[in-house]
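Survey of secondary and tertiary structure
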Amino acid sequence: MVSSQQFTQRLFTPRFINKVIKFMGICVQDVSKRFGDFQALDRVSVDIESGSLVALLGPSGSGKSTLLRSIAGLESPDSGRISLMGEDATDRSVQDRKIGFVFQHYALFKHMTVRRNIAFGMEIRKMAASRVKARTEELLDLVQLTGMGDRYPSQLSGGQRQRVALARALAVEPKVLLLDEPFGALDARVRKDLRAWLRRLHDEVHVTTVFVTHDQEEAMEVSDRIVVMNKGKVEQIGTPAQVYDHPASAFVMSFIGPVNVLPTSSKIFQESGFDSAHPEMFLRPHDIEIALEAANNTVPARVARLIHLGWEIQAELELEDGQLMIANLTRDRYDRLQLEENQCVYVRPKEAKSFALNYNI
Amino acid sequence: MISNPQQLNKPLNDRNLKKSWVPTILIGITVVYLGLVLYIPAANVFYQAFRLGTGAFFENLTKPEFLSAASLTLMLAVIAVPINTVFGLCAAWALTRNRFWGRSFLLSVIDLPFSISPVVAGLMLVLLYGRLGWFGPWLNSNNIQIIFAFPGMLLATLFVSMPFVVREVIPVLEEAGAEQEEAAATLGASEWQTFWRVTLPNIRWGLLYGVLLTNARAMGEFGAVSVVSGNLSQQTQSLPLFVEEAYKQYQTESAYSAAVLLAFLAVLTLVFKEILERKTK
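First things first, this report covers the structure right here in the doc. (Residues numbered from 1 in each chain as written. Chains lettered and ligands numbered in written order. Predicted model: local features only at pLDDT ≥ 70, side-chain atom pairs only at ≥ 80, totals over all residues. Heavy atoms only, no water.)

For chain A, the count of helices and strands is twelve helices and 17 strands. In terms of principal-axis extent, the alpha carbons of chain A reach across some 75 × 60 × 35 Å. Within the span of chain A, comprising 361 residues, buried residues form 50% of the whole. Within chain A, counting contacts between residues at least 6 apart in sequence, those at least 24 apart form 66% of the total. Accessible surface for chain A amounts to roughly 17100 Å². Of this, 48% is attributable to carbon and sulfur atoms. (Helix = DSSP H or I, 4+ residues; strand = E, 2+ residues; numbered from the N terminus. Buried < 20%, exposed > 50% of the residue type's maximum accessible area, 1.4 Å probe, protein only. Contact = heavy atoms within 4.5 Å. Areas by Shrake-Rupley, 256 points an atom, 1.4 Å probe, with all protein chains shown as cover.)

Laid out in structure tokens, this is it:
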């Protein structure tokens, strides 16, 4: 006789079970996926808490979309397990996973009106006609498209189409909402509006949400936590502040936010007492202090170029050894210093980091 | 800086003047060519058919030989069109939504009926199913006749009208992409539901266009069918075969009457095709 407990233990490793119980959100364990010669996912493990909004961030080819599609069941991983809301979903079909998916290019049904698009999932799941009707109107209100129900997708703008896609995905009350570069095909202004709107929507609906993006600003603005991916692996998982202030790797540091990379032997680090066993140091542009007078821990630099970005000024500085680096200073500071191009200034790093592994993007 | 706009315009106008002869010449050549090859012969068919008046025309269309040929052609189309529609849909879907070894080879094989001469296609069937063909002895001993009978004509018709639906559906399927189908799946739709509710509505005009072309070819095929039919009047004589036979027997009016009917069907198909092409856009 095999007890049911023994049976489940055969199915899952105890570690996996523990995690499932703890999180009850999305649990991805050791998932790998290959496309021919290309390793899209390499033993990826991610836990996503129930009710949170998480961004999968990385450059193209980092595996973020493949991971999202694997969670959805649109891609079947070569190995590893995926659980949704505490249930192992690895072998379940897309249809049975009860997820909502939003595609980058909306994937609305072209031949159906907005209303029929939203009702599609409910009709498939055999919801009573009266309820379908009521809920469709509710959702139209929710995505701010009241009165547009009889239009066809081709008669809507990009932002409106993406909101229809969201309403359609939410209609079936999914346990998790997955969005694949949802704002990627929209122009900059609409994108910003829709981001803020998605955040508010999530705070209202509270469905566990995962979205893929290659835009670090978007990830920082919208999500509770960011999963930074590179070359099919997870580089770091953390809150936006954690990944920005305490990057786990050179890749994370240079992918999230601007960065100067200088040799550790450079005089600027020797003078200011920053040292590392690794050959390169990473320096954020806003961590560089500029002064007009020399002090005991500063090095001289020439202002090669000044770029006005509105609320801040970007200065291109050339060190004595010919190294170029970028420094950002606020408008206030700039006005006080009255910087000019080709002027000589004295600089000092406030903060610098180094990482064990070589990085490459 | 443009100091004098008129100076700049002058050479442009000169060039336009020289160019304006080219379209005229090209249009002229096209009209003359089409007239000789298409319009005059087609008009002549109608003239010959109605030369002895509409009475004679309709009399020709009530002759048993003609009626038998027309109903045979109709039968061929009624069977071949649905078969090739279903096959075409399946093949187009398999070829666009899957990447597998030998895919491009299959794609070019589907075009074979376009590139092979219809006579050769007919001969291939004879070599397989004829009395001395590969399957001949077995068919003979089981008393199944394919060549010089309806099944052979049907096979020939199926062969020559096979690629149209596939060829028309593949581009529309590719254009529609797989995303809408994936979206339907995430909303809980089974593959069958997805096909009927999402895929088919998306490709319907392209599919209908393919069906029309299939029908036109099935009704109009002469070469391949003539090789395998035996051309027995009132038995294995389809409409195109009837036209040829009547013409050879100096029953010119009869031939032209049937030809008019075939031409009329073709024109009707073209009209539908035009409507569908506009709908697709």
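Moving on from the model shown.
This paragraph deals with the environment of A:Phe183. Residue and element names in this part refer to chain A. Residue position: Phe183 is located in the loop between β7 (176-180) and α7 (188-205). Taking the C-alpha atoms as reference points, Phe183 and Met24, separated by 159 residues in sequence, lie 28 Å from one another. With near-sequence residues (within four places) excluded, Phe183 lies in contact with Arg191, Leu194, Arg195, Leu198 and Glu218.

This brings us to the sheet that holds strand β9 (residues 225-230) of chain A. Residues and elements named next belong to chain A. What the six strands build is an open sheet, ordered β6-β7-β8-β3-β9-β10; its pairing is mixed. For this open sheet the edge positions go to β6 (99-102) and β10 (233-238), each flanked by a neighbour on one side alone. Put simply, the sheet's adjacent strands are angled 15° from each other on average, direction ignored. Here β7 pairs with strand β8 (residues 208-213) via five bridges, running parallel. When the sheet's bridge partners are listed, Leu177 is paired in β8 with Thr209. (Pairing = 2+ DSSP bridges. Axes fitted to C-alpha atoms, helices over the stretch in contact; angles between N-to-C directions.)

This paragraph deals with the pattern of salt bridges. Residue and element names in this part refer to chain A. As enumerated under the stated definition, the model contains 34 salt bridges over all chains in all. Note that Arg189 is salt-bridged to Asp193, the shortest N-O span being 3.7 Å. Of this pair, Arg189 and Asp193 both sit in helix α7, four residues apart, which is roughly one turn of that helix. The exposure class assigned to Arg189 is exposed, which follows from its relative accessible area of 63%. The network of salt bridges with common partners includes Arg191, Lys192, Arg195, Asp215, Glu217, Glu218 and Glu221. (Salt bridge = Lys/Arg side-chain N within 4 Å of Asp/Glu carboxyl O.)

Moving on: the sheet that holds strand β5 (residues 87-88) of chain A. Residues and elements named next belong to chain A. Strand order in the open sheet made by the four strands is β2-β1-β4-β5, with antiparallel pairing throughout. Single-partner strands in this sheet number two, and they are β2 (38-48) and β5. Looking at chain direction, strand β1 (residues 26-35) and strand β4 (residues 79-84) are connected through five bridges and run antiparallel. Note that in β4 the partner of Gln29 across the bridge is Arg81. Across the face of the sheet, helix α3 (residues 64-72) comes into contact with β1, β2 and β4 while running at roughly 60° to β2.

Moving on, we come to the interface of chain A and chain B. The interface of chain A with chain B comprises 22 residues on the first partner and 19 residues on the second. Between chain A and chain B lies a buried interface of about 1800 Å² when both sides are counted; carbon and sulfur atoms form 60% of it. Of all residues in chain A, the largest losses of buried area upon contact with chain B belong to A:Gln95, A:His111 and A:Ile124, amounting jointly to 31% of the total for that side. Connecting chain A to chain B are three salt bridges. Between A:Lys110 and B:Glu175 there is a salt bridge, with its nearest N and O atoms 4.0 Å apart. For the interface between chain A and chain B, the tally reads three residue pairs in polar contact (both at pLDDT 80 or more). Contributions of two or more residues to the side of chain A that touches chain B are made by β6, α4 (114-124) and α6 (158-171) of chain A. (Buried area = accessible area lost by both parts, 1.4 Å probe. Polar contact = N/O pair within 3.5 Å; in protein donor to acceptor, adjacent residues only side chain to side chain.)

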